[in-house]
Amino acid sequence: MSKNKEETLKIIKGEDAWEPVGPTPLPDITDLRNWSMRLLKTYKPFYAPFCDLCCNCTYGKCDLTAGKKGACGIDIATHQARWVLMQCCMGLSAHGAHGRHLIDYLINKHGKDYKIDLGLQVDVEAPIIRTVMGLKPEILGDLRTVIEYVERGLIHLVSSTHTGQEGHYLDFENKSLHAGMLDLLAMEAADIAQIAGYNYPTSIADTPLVELGWGAIDKTKPVILAIGHNAAPINATIDYLQNNNLEDKVEVCGICCTAHDVTRRSDRAKVVGHLARQLFFIRCGIADVIITDEQCVRTDVPEEATRAGASLIATSDKICYGLEDVTEKEIDEIVKMITEEKKQVLILDPDKAGEVAARVAIAIAPGRKKEFINEKTAMKLAKECNGCNLCSEACPNLLSVGKSVKEFADGEVDKLSETFKLCFTCGKCEQKCPKNIPIIKIMQAVATKETYKMRSGRGPIHDVEIRQVGSPIVLGTIPGIVAFVGCSNYPKGDKEIAEMMDEFARRKYIVVASGCAAMAAGMVKDKEGKTIWEKYPPGFEAGGVLNVGSCVANSHIAGAAIKVANIFAKLPGRANYECIADYILNRVGACGVAWGAYSQKALAIGTGFNRWGVPVVLGPHSAKYKRLYLSRKEEDDWNIMDGRTEKMMDEYVEPAPEHLAIVIESKERAIVSIAKYCIRRNDTPVGRQIKLNHYIALYKKYMGEGFPDDLHLFIRKPTDVPMFFKREVMDYLKKIGWKPRQQVGLPTLINTYPTKANIADIK
Amino acid sequence: MSKNKEETLKIIKGEDAWEPVGPTPLPDITDLRNWSMRLLKTYKPFYAPFCDLCCNCTYGKCDLTAGKKGACGIDIATHQARWVLMQCCMGLSAHGAHGRHLIDYLINKHGKDYKIDLGLQVDVEAPIIRTVMGLKPEILGDLRTVIEYVERGLIHLVSSTHTGQEGHYLDFENKSLHAGMLDLLAMEAADIAQIAGYNYPTSIADTPLVELGWGAIDKTKPVILAIGHNAAPINATIDYLQNNNLEDKVEVCGICCTAHDVTRRSDRAKVVGHLARQLFFIRCGIADVIITDEQCVRTDVPEEATRAGASLIATSDKICYGLEDVTEKEIDEIVKMITEEKKQVLILDPDKAGEVAARVAIAIAPGRKKEFINEKTAMKLAKECNGCNLCSEACPNLLSVGKSVKEFADGEVDKLSETFKLCFTCGKCEQKCPKNIPIIKIMQAVATKETYKMRSGRGPIHDVEIRQVGSPIVLGTIPGIVAFVGCSNYPKGDKEIAEMMDEFARRKYIVVASGCAAMAAGMVKDKEGKTIWEKYPPGFEAGGVLNVGSCVANSHIAGAAIKVANIFAKLPGRANYECIADYILNRVGACGVAWGAYSQKALAIGTGFNRWGVPVVLGPHSAKYKRLYLSRKEEDDWNIMDGRTEKMMDEYVEPAPEHLAIVIESKERAIVSIAKYCIRRNDTPVGRQIKLNHYIALYKKYMGEGFPDDLHLFIRKPTDVPMFFKREVMDYLKKIGWKPRQQVGLPTLINTYPTKANIADIK
Amino acid sequence: MKPYWDVNVLTGTKTAKIVEDPVQWASIIKKSIRPLYILGPDTVDRNIGDKLFLEYCLDVAKAGNLPICATAHVRKKMSEMGVETDSAYDIIEIINHLKDPEWQGVRKEGNHDLIMFTGVRCDLAERGLATLKHFAPHLKTMALCRFSHPNADFALPVIRKDTKWQEYFDGLVANLIN
Amino acid sequence: MKPYWDVNVLTGTKTAKIVEDPVQWASIIKKSIRPLYILGPDTVDRNIGDKLFLEYCLDVAKAGNLPICATAHVRKKMSEMGVETDSAYDIIEIINHLKDPEWQGVRKEGNHDLIMFTGVRCDLAERGLATLKHFAPHLKTMALCRFSHPNADFALPVIRKDTKWQEYFDGLVANLIN
Ligand code: SF4
Ligand code: SF4
Ligand code: SF4
Ligand code: SF4
Ligand code: SF4
Ligand code: SF4
Ligand code: SF4
Ligand code: SF4
């Protein structure tokens, strides 16, 4: 209702003619609605209510069970969809606000005209921003324009979650998809800003291997631990240490994405581990100073820091903990408040916070003792256990922690050690224990002290890499890009991530990781003692294993898919969302895996990928997100257009990708499915052979003898059948009465629904 | 962390020297945190969990009962505070997005340089925008600047609700207060925009009396019903009818705030009623065309419209109902789709939607029958009732609806008629009925067909009115401003609103209403058949009863309080939030009453008023908002500074206002409390006498003989004692050992906490 | 045990013990040291049978020697009946006080260890009980309400018939006296 | 009835009927026309006593002549054991199909009227049961799981001891055969 064409062109610098402006610059919620609806026609929302009630307004609680409507008229499906939108908005806001702060901070430092230069290897600097908005960001100020667009979108999205707004679940889903799109956009802006503003490496693939694991932290030095996602303050610590020749003297380490980002600034920084190791590491007392910034930070850090004898500096308006704001005070005074008055403080100036952290750590570390508890003492503590299992009942990962404690008390170490590997150190077990057994502390005794390596984040995929792999990806001869992203709410520990990545890297898929997943992957060694990061090459190539970086770097994974369309296939990208997404959906065999997704951010990211046409596999916990996008391969609408003839296909076309967002229960099944979800309708016979070869082989390995029961759906002609299984498959096909069919030329959804996109663009 | 002074000055046109720029232009979340914390020190958050669990992320559900923490470390209080912030953000977004759309729409129409002119009586056009941002809006483009600032704030607020962000409930409350502040700001921008853009009357007090009640709608004409809060499409209908000389031929009516706003455009439009009459009115089938815009619209309108045989046009990106977007089609074609193909459509262009509505209504009305059901038929339907009371159990207003239906079947009409008056027509009863009794339909038979009058909304309070009442308000001789706002989730029907307003108007308080409350107040007549709107003068004066307008016009109530400080007392207002709020808290005896608040918007508005220092009384349903701000008058911190001497008072100072946000169970008690909450520490002895006179008289009337048990706390010296009760009170004071004490000179909190505000400003 | 009103359905883990027997109810009260009986406006706005609801409650208060907190406008009717109340907070205010273990109670003898109430608007009562469940571990709550309250420590079953409700009161009074 | 796992505590109104007696359990199955037995990966990842969990389940399937849907990687173990499964959807996929009353079921004879499952990860199973509770009114669900499932139509009580669990299986098999 509110689009003004002139203003739009002004915002995206329409006069800047790097490409003609496509049909959807600065899209509003309703501008890409038809695309969403087309996706949702095949990939229908699946709802798994986490609660039967709605408690959103003072008419409630309303019972929405099985067809009942609330006092506002809403039904359970629509309510779930509303909830999901709200959650997506939280995720989008987390990244968007993070981007806004970083960009404003860097503009204050460098000026808004500071040039964005991602190095020799990256010309298409911002594929998402270009495609969604139609803007080519050249200076930091342009990134602020991006965030302003995101902010504008957000208010409308949140508004529609208000009681008495949107009334249809499909429209809520369109809004969630829009939120997801904005989320990836904000992430791209945020990561580009920090790359530019902090000179993070971007045009090299073999970024340094950094140390990983709590065992890697040198306890004898002052230790500063950063937790969160905004590296501004901890980067300032690094600067201070470097400028004062103290880098050798102080250990800087991080948990969660801040860890990624600080290692992009200095490869001497160390990574403690992911989200799920937070409480464990704080409690073990090794950190002298804890800096919290924002996102995925335990809300009880003040209490836990006190308990561990660590100093605490909060640095974000997102997390103020009720602490005194000392931003305006002199550094000396603040250091004194912390070291002498034992105060926890809030410092909203990252530079100041960074310096204070360093000075406090150096001041207090010598006076602190740091030891892991030993097994004997731990067993003594465990002896109190009465085996009541109240702790187990409270465990969000369904661990039999009580049994492990009890057996540990009896001298059995392995079981507890296994439990710890699957544990999020959330602390819920402990607080239920009637015997007050310090379960997390006891686990210190059985936690491995090994150290690992992780490749530090590399940022965007290089244009030249895209040119090299574009063709094999689109033809299908590189069987797929598998991206392991998201948080550490793993059903069965870090191990599974490493195993899955290894399986696909060995099979010459392109394997990408980010965030907590990149850390988890590094926490496992093979027989030769190598982590996956040491075992495989770091390029965006067949068999490569890449760490793009922190959460916000997930944008580069979508960016790579976009670049395949835009750079390799030369599709016009500017403000041409639908064509590019359509291309990705039908021709780029990428699959995201968020095996341990817990956060609203991960939900938004996944939803954003879905709108680009990338399927996402989620671990079992993610059923609690309440919504998936599933098709039914034999029932749903697989009708598609042949882009060459611009006619609808008049026969069944393979259901590829089969789902857009699905929860899979076990790693084994997930591996098989991921291979399948990399199949695209555009695959050449050779490409399809390769993909089916992996699909069949993995099926046999993990699902037993025989063939997947949907194999025939993916075989167009005998030339699609992998050599290795040729005879066996052909026999099978005959038995079930399979018939050959046409391959689609330039498969596309454009023009199968009302759209302003131009089908000529996809050719 | 991100404030750039130059940029700030540019945004607020710092060179424009109408007043010097105060200490807090464009405040960030943390800039007014100390003010929040000071308020929260006295008015502590009170939490009433609506659910013991948290289900926000995939670690959940987490049981937070009685001290347990979730997997992210959060406790129940902090979780409630987080939830409240999220809800405030929804409310803020609803108004903000509404403002954004209206402003963009009007800029498209009139250009961004279109001047804002609120007429002769209003010079201080935007007291909130001026005080919060430091900006004096002169053109529509400036209002967009306001919304941009709101959008920027929103993303940070929503971000902090993400799992693993804010960890202290007080900081969540600061953020909620910030959200509330932004909400009022957005509302002010939205209402100014529509006043300017639609030429709503603004400089007259005696706006027309418009017709109110479903009985007022002429069923013999084509009827267009608008539901929601954004009058753009229905205003376009009015334009179309006027331009085509059809105004006589078509009934235009509205439910909820759109009704207010369309009657500001044309006083021939009629008001059906508030929110709670939606389902009732749709089902009775009188409307031929329903236009939904946004906010507080039942989510099942498509289904209900179909059932009632009405056409439906959705017009907002907030509410698309999964309908086909026909915005780009020709009007003729759309009309045909609706009239012939019986399609419900989405039209995102308000002008087009407005015209289509008119044309469709004229086309289909002649073919439709419209009759209320008669008593006999209704009784026959009711005969099926088996008295199981399953319907009653489902009622959100705890009505014994089953009993009423059963008795109605036996010929007893009054009970059902009483029930209907208290009913929200939410429909929850009906869907639980095992006998499928159409309860809402039956109620048509007992619903009054009377018609009423309501004064249409007048917008901002005039500067000259402020000059006239400023002194008596601040001295206390006008005993208070009581503002009845918010939704229609009344515990005991519309009647109580009218009664409360009457009580205070009679006593020469200034009585203000808005939104649903203004409608409810009009739905009751006195013995002479007059509604409160006909009975009292419409000016902002002692004994005046005003309708400021729709929800967004609530901003003018806060605006009036600000103007007392800024215009009457000449406090510098520009970017000087704390001083103005402090002035209001201590010297402007205003009290908000949101007796039926249901929505997230009402929560945000109330919280916004609280930050300005205005207490709000809520009805019993609002305990479900989960959070209140309460003091304990004998225990909490009433320490205050004497602004003249700049010294802290060394004795107890009266607890006034006693609470900032409180739920009160009954109308009777609420009336007594409201009178008390209008007491301010600045009252002169004469003013205090007047206020206490009402407090005591109301106490005796509603609470029985004797005196309020806190009366002595509000009596500083014998000169404070009201004449009428003098002897009785003095005896009582003696008995309880009361001692006289000083009156505070210029009571203020400024400088009692760390602040950049300048105490000189409050003098 | 579902309470009568759907809006009060428990979403939690800690739920009331249902006390069906007035003997047991009386004995819980008797064991308390500083009980408080909170009366809400339903007691003056409704009858049970022909008798004002409030009269039943006052009988209980008298039998158990329970100090009363009259909320809303209950005080008015009580004063008309010539009964003095020990205190007259509104429901949210009294709950706010009860949260503080240091509060001295309506008789200034220390905070109460047992709170019973009757006649408070059911949805509001339930919220108040939730507050006390989470934030007042130092006391126990009893909902003497025929509609049942999951957030209380002790609650009645849903009592649908007036006669049953009268019987419960009678039984309670009798047992409190003994 | 609280389920074993806290994360599965019901926040709703419609909760499972707890069936303590295998006789009754068996009779519910027997009354169904097109039952389906869903087996999850816990059945192959755990033992009960010395015997693989799956073996108990296969005994039940056999005794009741129940078609099987093997989810996750259960098929592999089954095929190693030489047992063929009727279908091998993953848990979310089978639930997605079950939602559609028109779906023809794993034997193409029409959608199932009774779904029983065992060995699905408890938190995931509970979500799937919630889906069916809301969106598949045309069928009934049974959770043959020792940790209890409030969102099912019929569930077991929490069974803490392995021996009790074995007994339940034995009783069930015996009654299904009869
Ligand atoms: S939606 Fe969540 S917070 Fe609301 S009642 Fe259900 S479990 Fe509780
Ligand atoms: S938002 Fe709707 S369903 Fe939820 S509590 Fe309010 S009226 Fe009920
Ligand atoms: S700390 Fe570990 S074992 Fe304990 S409840 Fe959390 S995840 Fe389970
Ligand atoms: S709750 Fe405590 S005592 Fe019970 S099993 Fe767990 S560790 Fe042992
Ligand atoms: S991957 Fe998830 S848990 Fe890890 S840092 Fe990112 S959002 Fe947080
Ligand atoms: S947000 Fe925290 S308390 Fe809520 S479900 Fe997630 S971990 Fe549990
Ligand atoms: S329609 Fe009226 S009587 Fe029925 S449940 Fe809603 S409020 Fe109660
Ligand atoms: S639910 Fe139906 S049958 Fe039962 S009392 Fe209500 S109207 Fe009568």
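Residues numbered from 1 in each chain as written. Chains lettered and ligands numbered in written order. Predicted model: local features only at pLDDT ≥ 70, side-chain atom pairs only at ≥ 80, totals over all residues. Heavy atoms only, no water.

## Quick look at the overall build of chain A
Here is step 1: The secondary structure content of chain A amounts to 28 helices and 22 strands.
Here is step 2: Relative to the globule expectation of 27 Å for 763 residues, the C-alpha radius of gyration of chain A, 26 Å, shows essentially globular dimensions.
Here is step 3: Counting only C-alpha atoms and orienting by the principal axes, one finds that chain A spans roughly 75 × 65 × 60 Å.
Here is step 4: Burial analysis of chain A (763 residues in total) assigns 73% to the buried set.
Here is step 5: A sequence separation of at least 24 residues applies to 76% of the contacts in chain A between residues at least 6 apart. (Helix = DSSP H or I, 4+ residues; strand = E, 2+ residues; numbered from the N terminus. Rg over C-alpha atoms; globule rule 2.2 N^0.38 Å. Buried < 20%, exposed > 50% of the residue type's maximum accessible area, 1.4 Å probe, protein only. Contact = heavy atoms within 4.5 Å.)

## Some details on the interface of chain D and chain A
Here is step 1: Facing 45 residues of chain D, the contacting portion of chain A comprises 53 residues.
Here is step 2: When chain D packs against chain A, the two sides together hide about 4100 Å² of surface, and 52% of this comes from carbon and sulfur.
Here is step 3: Across the contact surface, chain D and chain A share 8 salt bridges.
Here is step 4: Counting every contact that joins chain D to chain A gives 29 residue pairs in polar contact (both at pLDDT 80 or more).
Here is step 5: When contributions to the side of chain D that touches chain A are tallied by element, the ones reaching two or more residues are helix H4 (74–80), helix H5 (91–98) and helix H6 (122–135) of chain D.
Here is step 6: The element that contributes the greatest number of residues to the side of chain D that touches chain A is H6 of chain D, accounting for 9 residues.
Here is step 7: Split by residue class, the side of chain D that touches chain A holds 18 nonpolar, 12 polar and 15 charged. (Buried area = accessible area lost by both parts, 1.4 Å probe. Salt bridge = Lys/Arg side-chain N within 4 Å of Asp/Glu carboxyl O. Polar contact = N/O pair within 3.5 Å; in protein donor to acceptor, adjacent residues only side chain to side chain. Nonpolar A, V, L, I, M, F, W, Y, C, P; charged D, E, K, R; others polar.)

## Topic: the side chain of Glu578 of chain A
Residues and elements named next belong to chain A.
Here is step 1: Relative to the assigned elements, Glu578 resides in helix H24 (residues 577–587).
Here is step 2: Among buried charged residues, Glu578 stands out as having no salt bridge; its nearest opposite-charge side chain is Lys756, 8.0 Å away.
Here is step 3: At a separation of 2.3 Å, a polar atom in the side chain of Glu578 contacts the side chain of Tyr753.
Here is step 4: Separated by 2.8 Å, the side chains of Glu578 and Thr755 make a polar contact. (Lys, Arg positive; Asp, Glu negative; His and termini not counted.)

## Here we look at the interface of chain A and chain B
Here is step 1: On the side of chain B, 105 residues touch chain A, which itself brings 105 residues to the contact.
Here is step 2: Summing both sides of the interface, chain A and chain B together bury roughly 8900 Å²; the carbon and sulfur share of this comes to 55%.
Here is step 3: Here chain A is connected to chain B by 8 salt bridges.
Here is step 4: Across the salt bridge formed by Lys69 of chain A and Glu303 of chain B, the nearest N and O atoms sit 3.4 Å from each other.
Here is step 5: Applying the counting criterion to the chain A and chain B interface returns 63 residue pairs in polar contact (both at pLDDT 80 or more).

## Quick word on the relation of the copies chain A and chain B
Note: a rotation about an axis with an accompanying shift along it relates these two copies of the chain.
Here is step 1: Overlaying chain A with chain B gives an RMSD of 0.0 Å, the required rotation being 180° about an axis along which the chain moves by 0.0 Å. Between the two chains, the operation in question is that of a two-fold axis. If distances are taken from each C-alpha of chain A to the rotation axis, the shortest is found for Glu151 of chain A, at 2.7 Å.
Here is step 2: When you check the interface residues of chain A against chain B, 100% turn up at the interface there too, and the contact is symmetric in its surfaces. (Least-squares fit on C-alpha atoms with pLDDT ≥ 70 in both.)

## Side note on the pairing of strand S9 (residues 311–314) of chain A
Residue and element names in this part refer to chain A.
Here is step 1: The side-chain alternation of S9 yields two buried faces, one formed by Ser311 and Ile313 and the other by Leu312 and Ala314.
Here is step 2: Two strands pair when backbone bridges link them, and strand S8 (residues 289–292) and S9 are joined in this way by 4 bridges, in the parallel orientation. Paired with Ile291 across the strands is Ile313, a residue of S9.
Here is step 3: Pairing between S9 and strand S11 (residues 345–346): 2 bridges, direction parallel. Bridge pairing in S11 places Ala314 opposite Leu346. (Pairing = 2+ DSSP bridges.)

## Considerations on the pattern of salt bridges
Here is step 1: Across all of its chains, the model carries 172 salt bridges over all chains by this definition.
Here is step 2: Here Lys270 of chain A ties to Glu211 of chain A by a salt bridge, and the two come within 3.9 Å at their closest N and O atoms. With Lys270 of chain A in strand S7 (residues 270–273) and Glu211 of chain A in strand S4 (residues 209–212), this residue pair connects regions lying 59 residues apart in the sequence.
Here is step 3: Residue class for Lys270 of chain A comes out buried when judged on its relative accessible area of 10%.
Here is step 4: Looking at Glu211 of chain A, the relative accessible area reads 29%, which means it is partly exposed.
Here is step 5: The shortest N-O distance in the salt bridge between Asp239 of chain B and Arg265 of chain B comes to 2.7 Å. Highlighted residues: Asp239 of chain B in helix H7 (residues 232–243) and Arg265 of chain B in helix H8 (residues 257–265), separated in sequence by 26 residues.
Here is step 6: Linked through salt bridges whose partners overlap, the residues forming this network are Lys69 of chain A together with Arg283, Arg298, Asp300, Glu303, Glu304, Arg307 and Glu430 of chain B.

## A few points about the environment of Lys756 of chain B
Here is step 1: Tracing the backbone shows Lys756 of chain B in the segment after strand S22 (747–748).
Here is step 2: As a C-alpha pair, Lys756 of chain B and Cys579 of chain B span 177 residues in sequence and 10.0 Å in three-dimensional space.
Here is step 3: Among all residues touching Lys756 of chain B, those that are not within four sequence positions of it are Glu328 of chain A together with Pro23 of chain B.

## So, the sheet that holds strand S20 (residues 647–648) of chain B
All names here are of chain B.
Here is step 1: The sheet built from 3 strands is open, its strands ordered S20-S19-S22 with antiparallel pairing. Edge positions in the open sheet fall to S20 and S22, since each of these has one partner strand only.
Here is step 2: Pairing analysis gives 2 bridges linking strand S19 (residues 641–642) to S20, with the strands arranged antiparallel. Looking at S20, one finds that Met641 is bridged to Met648.

## What about the domain arrangement of chain A?
A common way to state how big an interface is: give the accessible area lost once the parts meet.
Residues and elements named next belong to chain A.
Here is step 1: In terms of domains, chain A is made up of domain 1 (8–198), domain 2 (214–367), domain 3 (375–443) and domain 4 (452–748).
Here is step 2: Using only C-alpha atoms to locate each centre, domain 2 and domain 4 end up separated by 38 Å.
Here is step 3: Contacts between domain 2 and domain 4 engage 17 residues on the former and 22 residues on the latter.
Here is step 4: Where domain 2 abuts domain 4, roughly 1400 Å² becomes buried across the two surfaces, and 65% of that area is made up of carbon and sulfur atoms.
Here is step 5: There are 7 residue pairs in polar contact (both at pLDDT 80 or more) connecting domain 2 and domain 4. (Domains from an automatic or database assignment.)

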